[in-house]
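Close look at the chain arrangement
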Amino acid sequence: MRHLFATAGLAATLALSAGSAMAANFSFSTDTCKHDYSTPYDVDVTAAGLSFHRTDGTPNKVFLHDGALKVDGRDVAVSSRDAEALRRYEDGVRKLMPEVADVSRRGVVLGFDAMTTVTMTFAEPDQRDAILAKIKRKQAQAIKEIDEGVGSGHWSSDRMTETVAGSVSDSVGELVGSVTSSAVSAALSGDSTKVAALTARADALDKSLNQEMDKRSKELEARANGICPRVNDLADLQQGWSIRLPDGKPLELMTIKPKDSSKEGKKVAMD
């Protein structure tokens, strides 16, 4: 019985790990970043320009296009040097959005693929099809929201968080319940063959899934790390311009903080 419930715990852990992998997909390693970055704004990238907006804090809205700058609807005069920096900043953000969307999609697929593998291995036969169908629907919805959001040039940290949390919570919860139910049913049946088979599946899945997830996670991280140089460039532009807001404060579209080396495995998200 002790080994059986250990197997149930392993299965549940694998299911939760699958969800955790997906939950981390909107973050990227700071290994190649100069600093830790975030932005207090939601961002819209359109043909007309870049709009940075928020409901809390001032300014509420910053708009820039082709070197021109507006803050809360008012034109702000900038030097020719700063206008060029704004042009480069706009171009950098335009190029960054598709890369963030691509990494996000790949992260979603990675997480749902892992949950699918766990489902195929552990879910009760009478529950498997329903769970797989839900996983498929949740993945499609998550991809759709990414495409309509950052994939279409609209960044919102709240929306991205809701996409991840909403996509993973129901699937993981139901999956954990199912795989635990399989272990409990085997234990109550007193069938040692069934228990041994379930334990063997758990051990095999632990090894194979970890290997596959590790390989694909490293590939995803490599792509995500390619984002850092672009964000570094944006930070350098912001730190280099001399643009001041009407209240005299410097224009800061992103927050730039020293990296905290005391925190291992630190992640950064544009939130």
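A brief look at the structure comes next. (Residues numbered from 1 in each chain as written. Predicted model: local features only at pLDDT ≥ 70, side-chain atom pairs only at ≥ 80, totals over all residues. Heavy atoms only, no water.)

1. Section: the sheet that holds strand S4 (residues 49-53)
Read from one edge of the open sheet, six strands run S7-S6-S5-S4-S3-S8, paired in antiparallel fashion. Each edge of the open sheet carries a strand with a single partner, namely strand S7 (74-76) and strand S8 (154-155). Relative to S4, strand S3 (residues 42-46) runs antiparallel, the two being bridged by five bridges. Each residue of the ladder has a partner; that of Thr-46, found in S4, is Gly-49. In the packing of helix H2 (residues 80-122) onto the sheet, contacts are made with S3, S4, strand S5 (61-65), strand S6 (68-71) and S8, and the angle to S4 comes to roughly 80°. (Pairing = 2+ DSSP bridges. Helix = DSSP H or I, 4+ residues; strand = E, 2+ residues; numbered from the N terminus. Contact = heavy atoms within 4.5 Å. Axes fitted to C-alpha atoms, helices over the stretch in contact; angles between N-to-C directions.)

2. Quick notes on the packing of aromatic side chains
The geometry of two aromatic rings is summed up by the distance between their centres and the angle between their planes. Applying the stated rule across the entire model yields three aromatic pairs. Relative to Phe-52, the ring of Tyr-41 lies with its centre 6.1 Å away and its plane at 80°, an arrangement referred to as edge-to-face. Here the residue Tyr-41 occupies a position in the loop between strand S2 (36-38) and S3, and Phe-52 occupies one in strand S4, the gap between them amounting to 11 residues. Under the relative-accessibility criterion, Phe-52 is labelled buried at 3%. Plain terms: the ring middles of Phe-52 and Tyr-89 are 6.4 Å apart, the flat faces sit at 50° to each other, and that makes the pair tilted. Here Phe-52, found in strand S4, pairs with Tyr-89, found in helix H2; they are 37 residues apart in sequence, far enough to count as distant. Clustering of aromatic rings is evident, with ring pairs tying together Tyr-41, Phe-52, Tyr-89 and Trp-241. (Phe/Tyr/Trp six-rings, centres within 6.5 Å; stacked < 30°, edge-to-face > 60°. Buried < 20%, exposed > 50% of the residue type's maximum accessible area, 1.4 Å probe, protein only.)

3. Re helix H6 (residues 227-240)
The periodicity of an α-helix, 3.6 residues per turn, causes residues three or four places apart in sequence to face the same way. Spanning 14 residues, H6 covers 20 Å between terminal C-alpha atoms, matching the ideal 20 Å at 1.5 Å per step. Those residues of H6 that sit buried are Ile-227, Cys-228, Val-231, Asn-232, Leu-234, Ala-235, Leu-237 and Gln-238. (Expected span 1.5 Å × (residues − 1).)

4. Notes on the packing of H2 against helix H3 (residues 125-148)
Their axes nearest at 10 Å, the elements H2 and H3 cross at an angle of 175°. By the angle between their directions, the pair H2 and H3 is classed as roughly antiparallel. Taking contact as the criterion, the partners of Ala-101, Ser-104, Arg-105, Val-108, Val-109, Phe-112, Met-115, Thr-116, Thr-119 and Met-120 in H2 are, on H3, Arg-128, Ile-131, Leu-132, Ile-135, Lys-138, Gln-139, Ala-142, Ile-143, Ile-146 and Asp-147. Here the contact of H2 with H3 is built from residues that sort into 12 nonpolar, four polar and four charged. (Parallel < 35°, antiparallel > 145°, perpendicular 65-115°, else oblique. Nonpolar A, V, L, I, M, F, W, Y, C, P; charged D, E, K, R; others polar.)

5. Focus: the pattern of salt bridges
Taken as a whole and assessed by the stated rule, the structure comprises 11 salt bridges. Across the pair Asp-236 and Lys-34 runs a salt bridge, and its minimum N-O distance is 2.9 Å. Note that Asp-236 is positioned in helix H6 and Lys-34 in the loop between strand S1 (28-29) and S2, a separation of 202 residues in sequence. A relative accessible area of 46% means that Lys-34 is categorised as partly exposed. For the salt bridge of Lys-95 with Asp-91, the shortest nitrogen-to-oxygen distance reads 3.2 Å. Taken together, the residues Lys-95 and Asp-91, both in helix H2 and four residues apart, mark about one turn of the helix. Judged by its relative accessible area of 43%, Lys-95 falls in the partly exposed class. For Asp-91, a relative accessible area of 36% gives the class partly exposed. Because the salt bridges share partners, they merge into one network encompassing Asp-66, Glu-84 and Arg-87. (Salt bridge = Lys/Arg side-chain N within 4 Å of Asp/Glu carboxyl O.)

6. As for the environment of Asp-42
Here Asp-42 is to be found in strand S3. Taking C-alpha positions, Asp-42 is 5.7 Å from Phe-52, a pair spaced 10 residues apart along the chain. Dropping the residues within four chain positions of it, Asp-42 is found in contact with Ser-51, Phe-52, His-53, Trp-155, Ser-156 and Ser-157.

7. Points about the side chain of Gln-238
Inspection of the secondary structure assignment puts Gln-238 in helix H6. At 2.8 Å, the side chain of Gln-238 and the backbone oxygen of Met-254 are in polar contact. Residues within four places of Gln-238 in sequence aside, it is in contact with Tyr-89, Leu-251, Glu-252, Leu-253, Met-254 and Ile-256. (Polar contact = N/O pair within 3.5 Å; in protein donor to acceptor, adjacent residues only side chain to side chain.)

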